[in-house]
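Summary of the model geometry
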Amino acid sequence: MTLSLGNNPYNRMSWEDADFPILCQTCLGDNPYLRMMKEKYGSECNICQRPFTVFRWCPGKGMRYKSTIVCQTCSKMKNVCQTCLLDLEYGLPVQVRDNVLGQKHDIPKSLVNREYYTQNMEVAMTEAGGSVSGLDLLGMTQSQNDQLRKLRRHEPYYKRNAPHICSFYLKGECKRGEECPYRHEKPSDPDDPLSSQNIRDRYYGNNDPVADKLMKKLSRLPKLEPPEDPNITTLYVGNVMEAITDKDLRDFFYQYGEIRNLKLVHKQHCAFVEYTTRQAAELAADQSFNKVTLHGIRLNVRWAKPQSKQKEGGTGDPREKLPFVPGLPGALPLPEKLLLQPPMEIPPVHLGLGAPPMGPPPVYYPSQDPTRLGSGKHGSQY
Ligand SMILES: [Zn+2]
Ligand SMILES: [Zn+2]
Ligand SMILES: [Zn+2]
């Protein structure tokens, strides 16, 4: 298809003539003797509608011919493959990538504004030697990068280049048999992002069924659940070896927000980072869980347990002011106090009862234990 000059409203200067398409590994295929067919201004870009140079090639034996469907400027603006519109770096749908990065690129959708925007982007790209995209990948955090890596395929997915399924076969009407260039099989690959999706939605990252599926997968990946009690703003950091100093920790954790208190307990190889806001603590927990390495030592970040959970002891021992350390025994009661007034068994802690976040843990004695009133049974709860 060649467009006549007369019926296109655009300035011909901004038409694109490229030497090679911008493709992902999957679309390019594994054929080393690839013959790329090029048609100058062969079609109009499915996004910006300007004529662009279309490429057509066969990505491998038994595969279907593929062609580029958006222009290079549109491809660069979103950092996507010109053919499948998946992200070039991660092979993920735009919606997933932008969701994880928390970015939304508002490319104007009205004709004139989009043309203006596209031309400006082109100028910026040319000035920067073609390396600028509309996407701020430099601002990506390690955590976002990790999330995207977990979702992406690690190998090119050549099955995506296979011929389309024969629609006659599905209806039981294909008479071409072996000769039929289309696939004779039941649709079985719900992962195929090219199956049923509108090109613009895929490009702009809207209503993408594949993205929804991947986002669900992401939400099932292990992560730290913030504690119900909103007053908890302290994180426990484990595996803090001697090489890691108070300053290292402070420097690292300060990036998420203001730190009210940082306590390093080298003896127990742990530290407690208390933020002034819950928001900062949640951000830090989310971004540092399973990912922090200082001086080559991988730190183990968790939410600190609320103080009310430290039921062992309860004798006024100063050590018990430390937040609970997972996996370590709690502070032992001082022997003489133990003899004087042994604390009785403590009822199980009920979550969500609004126990005070700080301060000494409650000590229950038989006379004041609210859960034991009238029960008369000792230890039956255990
Ligand atoms: Zn375009
Ligand atoms: Zn592709
Ligand atoms: Zn057929």
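Residues numbered from 1 in each chain as written. Chains lettered and ligands numbered in written order. Predicted model: local features only at pLDDT ≥ 70, side-chain atom pairs only at ≥ 80, totals over all residues. Heavy atoms only, no water.

On to the overall build of the protein, then. Scanning the protein from terminus to terminus reveals 11 helices and 9 strands. Within the protein, buried positions represent 42% of all 382 residues. Summarising the internal contacts of the protein: among those between residues at least 6 apart in sequence, 62% fall at separations of at least 24. Looking at the protein as shown, the accessible area adds up to about 21,600 Å², and 54% of this sits on carbon and sulfur atoms. (Helix = DSSP H or I, 4+ residues; strand = E, 2+ residues; numbered from the N terminus. Buried < 20%, exposed > 50% of the residue type's maximum accessible area, 1.4 Å probe, protein only. Contact = heavy atoms within 4.5 Å. Areas by Shrake-Rupley, 256 points an atom, 1.4 Å probe, with all protein chains shown as cover.)

Bringing the coordination of the zinc ion (ligand 1) into the picture now. At 2.3 Å from the zinc ion (ligand 1) lie its protein donor atoms, namely Cys45 (SG), Cys48 (SG), Cys71 (SG) and Cys74 (SG). One can describe the donor arrangement at the zinc ion (ligand 1) as tetrahedral, given that its 4 donor atoms subtend angles of 104 to 121 degrees at the metal. (Donors = N, O, S within 2.8 Å, 3.2 Å for Na, K, Ca; no water. Tetrahedral: all angles 85-135°; square planar, octahedral: opposite > 155°, others 65-115°.)

What follows covers the pattern of salt bridges. Should their charged atoms come close, side chains of opposite charge can pair. Within this structure, the stated rule accounts for 9 salt bridges. We note a salt bridge from Arg97 to Asp98, for which the minimum N-O separation is 3.0 Å. Of the two residues, Arg97 and Asp98, neither departs from the other in class, the shared state being buried. Between Glu282 and Arg278 there is a salt bridge whose closest N-O contact spans 2.8 Å. Here the residue Glu282 and the residue Arg278 both occupy positions in helix H10 (residues 278-288), the gap between them amounting to 4 residues, near one helical turn. Of the residues examined, Arg278 reaches a relative accessible area of 16% and is grouped as buried. (Salt bridge = Lys/Arg side-chain N within 4 Å of Asp/Glu carboxyl O.)

Moving on, we get to the coordination of the zinc ion (ligand 3). Looking at the metal site, the zinc ion (ligand 3) is ligated by Cys166 (SG), Cys174 (SG), Cys180 (SG) and His184 (NE2), spaced 2.2 to 2.4 Å from it. Around the zinc ion (ligand 3) sit 4 donor atoms; with metal-centred angles ranging over 97 to 118 degrees, the donor geometry is tetrahedral.

On to helix H3 (residues 94-101), then. Among the 8 residues in H3, 7 count as buried, and that is most of the element. Turning to H3, its buried residues are Val94, Gln95, Val96, Arg97, Asp98, Val100 and Leu101. Phi for Gly102, located one or two positions after H3, is positive at around 65 degrees.

Right, let's talk about the sheet that holds strand S9 (residues 300-303) for a bit. As a general point, the strands of a sheet are linked pairwise by backbone hydrogen bonds and lie either parallel or antiparallel. Strands sit in the order S5-S6-S4-S9 across an open sheet of 4 strands; the sheet is antiparallel. Either end of the sheet is taken by a strand with one partner, and the two such strands are strand S5 (259-265) and S9. Mean inter-strand twist for the sheet, computed between neighbouring axes without regard to direction, equals 20 degrees. For strand S4 (residues 234-238) and S9, the ladder comprises 4 bridges, and the chain directions are antiparallel. Within the sheet, the bridge partner assigned to Gly238 lies in S9 and is Asn300. Along the sheet face, helix H9 (residues 246-253) touches S4, S5, strand S6 (270-275) and S9 and points at about 145 degrees away from the line of S5. On the sheet, H10 packs against S4, S6 and S9 and is oriented at approximately 140 degrees with respect to S9. (Pairing = 2+ DSSP bridges. Axes fitted to C-alpha atoms, helices over the stretch in contact; angles between N-to-C directions.)

For the rest of this paragraph, the subject is the pairing of S6. Across the 6 residues of S6, 6 count as buried, placing the element largely inside the fold. What you see with S6 is no split at all: Cys270, Phe272 and Glu274 on one side and Ala271, Val273 and Tyr275 on the other are buried throughout. Of the strand pairs in this sheet, S4 and S6 are connected by 5 bridges, and their pairing is antiparallel. Within the sheet, the bridge partner assigned to Tyr236 lies in S6 and is Phe272. Two elements, S5 and S6, share 6 bridges in a ladder whose sense is antiparallel.

Moving on, we come to the packing of aromatic side chains. Aromatic rings in a pair are described by how distant their centres are and how their planes are angled relative to each other. For the structure on display, the rule yields 4 aromatic pairs. Residues Phe252 and Phe253 carry aromatic rings whose centres are separated by 5.0 Å and whose planes lie at 85 degrees to one another, so their mutual orientation is edge-to-face. Comparing Phe252 with Phe253, the two get one shared label, buried. Here Phe252 and Tyr256 contribute two aromatic rings whose centre-to-centre distance is 5.8 Å and whose plane-to-plane angle is 75 degrees, an arrangement assigned as edge-to-face. By way of ring pairs, the aromatic residues Phe252, Phe253 and Tyr256 are connected into one cluster. The ring of Tyr203 is capped by Lys78, whose NZ or CZ atom sits 6.0 Å from the centre of that ring. (Phe/Tyr/Trp six-rings, centres within 6.5 Å; stacked < 30°, edge-to-face > 60°. Lys NZ or Arg CZ within 6 Å of the ring centre and 35° of its normal.)

Let's shift gears to the nonpolar core. Val237, Leu249, Phe253, Tyr275 and Leu299 are the most contacted members of the largest nonpolar core, which has 26 residues in total. The set of elements that each furnish at least two residues to this core consists of S4, H9, S5, S6, H10 and S9. Every residue in contact with Leu299, bar those within four places of it in the chain, is listed here: Val237, Gly238, Asn239, Val240, Ile244, Leu249, Val292 and Leu294. Membership of the second largest hydrophobic core comes to 18 residues, among which are Cys48, Val70, Val80 and Val94. (Core = buried A, V, L, I, M, F, W, Y, C linked by side-chain atoms within 4.5 Å.)

Okay, the sheet that holds strand S3 (residues 66-67) next. Strand order in the open sheet formed by 3 strands is S1-S2-S3, and the pairing between neighbours is antiparallel. One side of each edge strand has no neighbouring strand; the edge strands of this open sheet are strand S1 (37-44) and S3. With 5 bridges connecting them, S1 and strand S2 (residues 51-57) associate as antiparallel partners. Looking at the pairing, Ser43 lines up with Phe52 of S2.

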